[in-house]
Amino acid sequence: MLAEVYVELGDFEQAWTMARAAHDTAQRAGNQLDLAEATFLLGKLHASRGDTEQAERLLDDAATRFERLGHTDRVAEIRRQLNALSNQ
């Protein structure tokens, strides 16, 4: 959540640090929902830096994780973002 706040404030370096820490913590804890959220945010951060290939990979991974968890609304949202990235 802190990473999202830093994105809104335009502090992408701090957002990157927080998102990476959230991803690592969720992975160690086996928390699949938090891992999906952190993966999604990392994808958004890569997209904001123009790293489309990595962004697409992470967003696709996040969508797959959300799909496994039954969060179809989040999957649809991420798929829309993936489509927008591929049309750039």
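As shown above, the structure is provided for reference.
Thresholds applied
- Per chain, residues are indexed from 1 in the order of the written sequence.
- Where local features are concerned, this predicted model is filtered to residues with pLDDT of at least 70; where side-chain atom pairs are given and counted, the filter is 80 or more; whole-chain, interface and lining totals use all residues.
- Values shown for side chains rest on all heavy atoms present in the structure; no hydrogens or waters enter the calculation.
- For this analysis, a nonpolar core means a set of buried residues of the types Ala, Val, Leu, Ile, Met, Phe, Trp, Tyr and Cys, connected via side-chain atoms within 4.5 Å.
- Burial here depends on accessible area, computed with a 1.4 Å probe over protein chains only, as a share of the maximum for the residue type. Under 20% is buried, over 50% is exposed, and the range in between is partly exposed.
- A run of H or I in DSSP becomes a helix once it reaches four residues, and a run of E becomes a strand once it reaches two; helices and strands are each numbered from the N terminus.
- Contacts are residue-level and defined by heavy atoms, with any inter-residue pair within 4.5 Å sufficient.

Here we take up the nonpolar core. Membership of the largest hydrophobic core is limited to eleven residues, which are Ala36, Phe40, Ala55, Leu59, Ala62, Ala63, Phe66, Val75, Ile78, Leu82 and Leu85. Looking at this core, the elements with two or more residues in it are helix 3 (32-48), helix 4 (52-69) and helix 5 (72-86). With five residues, the top contributor of residues to this core is helix 4. Beyond its immediate sequence surroundings of up to four residues, Ala63 is in contact with Val75, Ile78 and Arg79. Counting eight residues, the second-largest nonpolar core is a separate cluster that includes Ala3, Ala19, Leu42 and Leu58.

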